[in-house]
Amino acid sequence: MAKSSVKFKDSVAAFEQLSKQIAARRFAPIYLLMGEESFFIDRLCEQLATTVLNEAERSFNQITLYGKESDAGTVVNCCRQMPMMGSYEVIIVKEAQQMRDLDKLSLYTTKPSPTTILVVCHKEKSVDRRSAFYKSTSEKGVVFESVRPRDYEIGPWLSEYIAGKGCSITPKALSMLTDHLGTDISKISNELSKLLVSLPEGTRSITDAHIEENVGISKDFNNFELCKAVTEKDMVRSLTIAEHFARNPKDNPLLLTIMALFGKFREIFIVNYLRWQANHQIRPFPGDAELMGIVKTGNIFALKELKQTAPTWDNRKVFNILGLLREYDAKSKGVNAGGATEGELLRELLLKIFMQ
């Protein structure tokens, strides 16, 4: 199966457009919601489940099936029924990736009923684009592909998501959330929902103190503070944070720490290289807007800090450090780790970084 060209930003844009269409009651006869990121799939499925029919109509005209327990014939038979006391019948198929004969749904999707809305939720992966089911759904209905964000994409998306809820978040608080929870949007959304409910009335900005109090992430001992200490060449502070991580390994996975450090040194390398080009190739150094796109950050304050920090590092050393981080990324996954704990590996890594 050919690799999809859909990017995370495409999924976000498509999600917003589709959500508006559903809210405006412009329905398609078939919705195929597929892909690795379950957050958008769940949101669209829930919106359809609560929008197409009113509460009274759902009792008669809305059926939820599960792929592991159903076959294509069952789904097709349900789709061909006429609605009772309403304009539409809604058939929702969850966990469709577990349906053995999914492609046989094309027997229905090539000629869907105008009074039925079929919603197929296919998580973990996308449907084969060569299949008859995919092709007929693309022609007769809507296909939405949900792509997982990369680590550098989650921060800007989360900032906009929080802004949509009438709030903002400080750079440090944002980094604490994303470094601790990774790129799992569903997990981040759940933590954020609990956090927003817990905030004092009238709060308009989420701070690191709010994250520490309500999410349980230390505002002093986290990947944001470690990256700051390392890039500022503060060995004592770096090793103090590493010692805290070693005592709390479940809350501070080494893999996430290495990813955070790699991202920070990658940014430093890029900025230094661009500055070298500007000095030696008579090429202007990018303005802030362009530079934010190059280093993939949506935070102007983080960018200003990066521009101040980068010149303190020689790019030859940064290159070696990126190599070290790749080496310890493999060790964090058990490759040539020699039985060392995550805490021991992190301390060893930091000492090698400071020896550069």
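A brief structural summary. (Residues numbered from 1 in each chain as written. Predicted model: local features only at pLDDT ≥ 70, side-chain atom pairs only at ≥ 80, totals over all residues. Heavy atoms only, no water.)

A few points about the overall build of the protein chain
Then comes step 1: Helix and strand content of the protein chain: 17 helices and seven strands.
Then comes step 2: In terms of its C-alpha atoms, the protein chain occupies a principal-axis envelope of roughly 75 × 50 × 50 Å.
Then comes step 3: Taking all 356 residues of the protein chain together, the buried fraction comes to 46%.
Then comes step 4: As displayed, the protein chain has an accessible area near 18600 Å², and 51% of this comes from carbon and sulfur atoms. (Helix = DSSP H or I, 4+ residues; strand = E, 2+ residues; numbered from the N terminus. Buried < 20%, exposed > 50% of the residue type's maximum accessible area, 1.4 Å probe, protein only. Areas by Shrake-Rupley, 256 points an atom, 1.4 Å probe, with all protein chains shown as cover.)

Focus: helix 13 (residues 254-280)
Then comes step 1: Taking 1.5 Å per residue, 27 residues should reach 39 Å; helix 13 reaches 38 Å between its end C-alpha atoms and fits that length.
Then comes step 2: Just downstream of helix 13 lies Ile-282, where phi reads positive at about 50 degrees. (Expected span 1.5 Å × (residues − 1).)

Quick word on the packing of helix 8 (residues 171-181) against helix 11 (residues 223-231)
Then comes step 1: Here helix 8 crosses helix 11 at 110 degrees, and the two axes come no closer than 8 Å. With respect to helix 11, the element helix 8 is oriented roughly perpendicular. Along its contact with helix 8, which presents Pro-171, Lys-172, Ser-175 and Asp-179, the element helix 11 presents Asn-223, Phe-224 and Glu-225. (Axes fitted to C-alpha atoms, helices over the stretch in contact; angles between N-to-C directions. Parallel < 35°, antiparallel > 145°, perpendicular 65-115°, else oblique. Contact = heavy atoms within 4.5 Å.)

Comments concerning the sheet that holds strand 1 (residues 30-35)
Then comes step 1: The five strands are arranged 2-3-4-1-5 in an open sheet whose pairing can be described as parallel. With partners counted over all chains shown, the strands left at the sheet margins are strand 2 (62-66) and strand 5 (142-146), one partner each. Neighbour to neighbour, the strand axes of the sheet diverge by 15 degrees on average, direction disregarded.
Then comes step 2: As paired strands, strand 1 and strand 4 (residues 116-123) are joined by six bridges and run parallel to one another. If you follow Ile-30 over to strand 4, its bridge partner there is Leu-118. (Pairing = 2+ DSSP bridges.)

Here we look at the packing of aromatic side chains
The geometry of an aromatic ring pair comes down to the distance between the two centres and the angle between the two planes.
Then comes step 1: With the rule as written, the count across this model stands at twelve aromatic pairs.
Then comes step 2: Considering the side-chain rings of Phe-39 and Phe-40, the 5.3 Å spacing of their centres and the 75 degrees angle between planes classify their relative orientation as edge-to-face. Of the two residues, Phe-39 and Phe-40, neither departs from the other in class, the shared state being buried.
Then comes step 3: Here the aromatic rings of Phe-269 and Phe-319 are separated by 6.4 Å at their centres, their planes lie at 45 degrees, and the arrangement is tilted. One end of the pair, Phe-269, is in helix 13; the other, Phe-319, is in helix 16 (residues 315-332), and 50 residues separate them in sequence.
Then comes step 4: Relative accessible area serves as the criterion here: at 26%, Phe-269 is assigned to the partly exposed category.
Then comes step 5: Classification of Phe-319 as exposed rests on a relative accessible area of 56%.
Then comes step 6: An aromatic cluster is built from Phe-8, Phe-15, Phe-39, Phe-40, Phe-144, Trp-157 and Tyr-161, whose rings are joined through pairwise contacts.
Then comes step 7: Here Lys-331 stacks its cationic end above the ring of Tyr-328, 4.5 Å away from the centre of that ring. (Phe/Tyr/Trp six-rings, centres within 6.5 Å; stacked < 30°, edge-to-face > 60°. Lys NZ or Arg CZ within 6 Å of the ring centre and 35° of its normal.)

Let's talk about the pattern of salt bridges
Then comes step 1: Per the counting criterion, the structure on display carries 15 salt bridges.
Then comes step 2: Residue Arg-130 pairs with Asp-128 through a salt bridge whose shortest N-O separation is 3.0 Å.
Then comes step 3: The class for Asp-128 is partly exposed, based on a relative accessible area of 26%.
Then comes step 4: One network of salt bridges, in which partners are shared, links Lys-172, Asp-208 and Glu-225. (Salt bridge = Lys/Arg side-chain N within 4 Å of Asp/Glu carboxyl O.)

A look at a positive patch on the surface
Then comes step 1: Together, Lys-7, Lys-9, Arg-150 and Lys-296 make up a region of like positive charge exposed at the surface.
Then comes step 2: Take Lys-9: it is sitting in helix 1 (residues 8-23). (Patch = residues over 30% accessible without salt bridge, like charges linked within 9 Å, V, L, I, M, F, W, Y side chains within 5 Å. Lys, Arg positive; Asp, Glu negative; His and termini not counted. Charge placed at Lys NZ, Arg CZ, Asp CG, Glu CD.)

Overview of unusual backbone geometry
Then comes step 1: Here Glu-95, not a glycine, exhibits a phi torsion of approximately 55 degrees, which is positive.
Then comes step 2: Using a relative accessible area of 33% as the deciding quantity, one classes Glu-95 as partly exposed.

Examining helix 9 (residues 185-198)
Then comes step 1: Across its 14 residues, helix 9 extends 20 Å between first and last C-alpha, which sits within 8% of the 20 Å expected from 1.5 Å per residue.
Then comes step 2: Within the span of helix 9, buried status applies to Ile-185, Ser-186, Ile-188, Ser-189, Glu-191, Leu-192 and Leu-195.
Then comes step 3: Buried residues belonging to helix 9 abut helix 1, helix 2 (38-51), helix 7 (151-163), helix 8, strand 7 (205-206) and helix 10 (208-215).
Then comes step 4: Its side-chain oxygen at 3.2 Å from the backbone nitrogen of Ser-186, Asp-184 defines the N-terminal cap of helix 9. (Polar contact = N/O pair within 3.5 Å; in protein donor to acceptor, adjacent residues only side chain to side chain.)

Overview of a nonpolar patch on the surface
Then comes step 1: Residues Phe-60, Met-84 and Met-85 make up a contiguous nonpolar surface patch of roughly 360 Å² in combined accessible area.
Then comes step 2: Locating Phe-60 in the fold gives a position in helix 3 (residues 55-61).
Then comes step 3: The exposure class of Phe-60 is partly exposed, given its relative accessible area of 45%.

Side note on the side chain of Lys-331
Then comes step 1: Within the secondary structure, Lys-331 sits in helix 16.
Then comes step 2: Judged by relative accessible area, which is 13%, Lys-331 ranks as buried.

Comments concerning the packing of helix 8 against helix 10
Then comes step 1: Taken N-terminus to C-terminus, the directions of helix 8 and helix 10 make an angle of 35 degrees; their axes are 7 Å apart at the nearest point. Between helix 8 and helix 10, the contacting residues are Lys-172, Ala-173, Met-176 and Leu-177 on the first element and Asp-208, Ile-211 and Glu-212 on the second.
Then comes step 2: Split into classes, the residues belonging to the contact of helix 8 with helix 10 amount to four nonpolar, no polar and three charged. (Nonpolar A, V, L, I, M, F, W, Y, C, P; charged D, E, K, R; others polar.)

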